[in-house]
Amino acid sequence: MVKCIIFDCDGVLVDTEKIGNEILLSMAAEYGFEMKIEDAYSNFNGRNLKECFLHVENSIGKELPDTFETEYRERSFEAFKTQVKPMEGVVAFIDKLKIPYCVASSGPVDKIRLNLEVAGLLDKFEGKIFSSYQIKSWKPEPKIFLFAAKEMGFDVKDCIVVEDSKAGVMAGISGGFKVYGFANGHNNEEMEKGGAILFHTYEELSNVLEI
């Protein structure tokens, strides 16, 4: 029986992945980097920014400028302020929950809070927001999910993780969690290979969990 649900944030609670990836690809293109948006979902989703930037640098054979991260954060934050929406069906799903839940993300706390606030979800997660920046450990390492479970007061066996990225699935599985993967058409195969149980809508997940 599931006693606690640990949600990832981007692509699971809030629809931000397309926004963030498009900005990153646009900025990186100025330095000779080329990648299709579909490939960006596979290579970047669920990973911290430094790993994403390193991927770009390895591809173009040179370092990005020191100002690249600051500019990316500024541009993405501005976009998030007006464009972020909740994932379809997630509000109704959360409103039906009778068990504790939280969010555990690789992003900084201020970014998580901003995205949840713009999407109208912040009040549902106050006091239940956990960031990799708090513990200095990022997916695919499992520590963020282990930290969230401990802070929520539950054993791993009593929790499930809801993810949408290869790195997130790897983190959940290696931490001993049962992982449900939100399939979006770009991530299906790699999440299933990683051991996630796929679902395509929150209505489907609700039925599977009998919520």
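Presented here is a report on the structure given in the accompanying data block.

Reading guide: rules and limits
- Throughout, residues of each chain are indexed from 1 in the direction in which the sequence is written.
- Local features are withheld for residues below a pLDDT of 70 in this predicted model, meaning they are given only at 70 or higher, and side-chain atom pairs are given and counted only at 80 or more; totals for whole chains, interfaces and linings count all residues.
- Water and hydrogen atoms were dropped before computing side-chain values, which therefore reflect all heavy atoms in the structure.
- A pair is scored as a salt bridge if a Lys or Arg side-chain nitrogen falls within 4 Å of a carboxyl oxygen belonging to Asp or Glu.
- Runs of E in the DSSP output that reach at least two residues are strands. Runs of H or I that reach at least four are helices, and both are numbered from the N terminus.
- Between buried and exposed lies partly exposed: a residue is buried under 20% and exposed over 50% of the maximum accessible area for its type, with that area taken using a 1.4 Å probe on protein chains only.
- To define axes, lines are fitted to C-alpha atoms, for helices over the stretch in contact only, and angles between the resulting N-to-C directions are given on a 0 to 180 degree scale.
- Every angle not falling under 35 degrees, over 145, or within 65 to 115 is termed oblique; those three ranges are roughly parallel, roughly antiparallel and roughly perpendicular.
- The hand of a helix crossing depends on one turn: near helix anticlockwise from the far one by less than a right angle means left-handed, and clockwise means right-handed.
- We call two residues contacting when some pair of their heavy atoms lies within 4.5 Å.
- Should DSSP find at least two bridges between two strands, the strands are regarded as paired.
- A pocket, in this scheme, is an open set of points on a 1 Å grid over the protein atoms alone with protein on both sides within 12 Å along at least 5 of 7 lines, while a cavity is a set where a 1.4 Å probe fits but cannot get out; residues line either one if an atom lies within 4 Å of a point.
- Grid points are joined across faces, edges and corners, and a volume is the space filled by probe spheres set on the points.
- Side-chain classes are defined by residue name, with Ala, Val, Leu, Ile, Met, Phe, Trp, Tyr, Cys and Pro counting as nonpolar, Asp, Glu, Lys and Arg as charged, and the others, Gly among them, as polar.

**Comments concerning the pattern of salt bridges**
- Taken as a whole and judged by the stated rule, the model has twelve salt bridges.
- For the salt bridge of Asp-8 with Lys-139, the shortest nitrogen-to-oxygen distance reads 2.8 Å. Of this pair, Asp-8 sits in the loop between strand E1 (4–7) and helix H1 (17–29) while Lys-139 sits in the loop between helix H8 (132–135) and helix H9 (143–152); the two residues are 131 residues apart in sequence, bridging distant segments of the chain. An identical accessibility class is assigned to Asp-8 and Lys-139; each is buried.
- When the shortest N-O distance is used, the salt bridge between Arg-75 and Glu-71 registers 3.4 Å.

**Topic: the packing of helix H3 (residues 49–60) against helix H4 (residues 68–83)**
- The geometry of H3 relative to H4 is characterised by a closest axis approach of 12 Å and an angle of 120° between their N-to-C directions. Accordingly, the angle class assigned to the pair H3 and H4 is oblique. As H3 packs across H4, the resulting crossing turns out to be right-handed. Across from Leu-49, Lys-50 and Phe-53 in H3, the residues of H4 making contact are Phe-68, Glu-69, Tyr-72 and Arg-73.

**Digging into the environment of Asp-15**
- Tracing the chain through its elements places Asp-15 in the loop between E1 and H1.
- On a C-alpha basis, the gap between Asp-15 and Ala-119 in space is 8.6 Å, while along the polypeptide they are 104 residues apart.
- Those residues in contact with Asp-15 that lie beyond four places of it in its chain are Val-84, Lys-85 and Met-87.

**Quick notes on the pairing of E1**
- Every second residue of E1 is oriented toward a common face, with Cys-4 and Ile-6 on one face and Ile-5 and Phe-7 on the other, all of them buried.
- Across four bridges, E1 lies against strand E4 (residues 159–163) in parallel orientation. The residue of E4 that forms the bridge with Cys-4 is Cys-159.

**Focus: the layout of surface pockets**
- Roughly 150 Å³ of volume is contained in the largest pocket.
- Lining the largest pocket are Gly-11, Asp-15, Glu-17, Lys-18, Tyr-41, Met-87, Asp-164, Phe-182, Ala-183, Asn-184 and His-186.
- Looking at the lining of the largest pocket residue by residue, the class counts come to four nonpolar, three polar and four charged.

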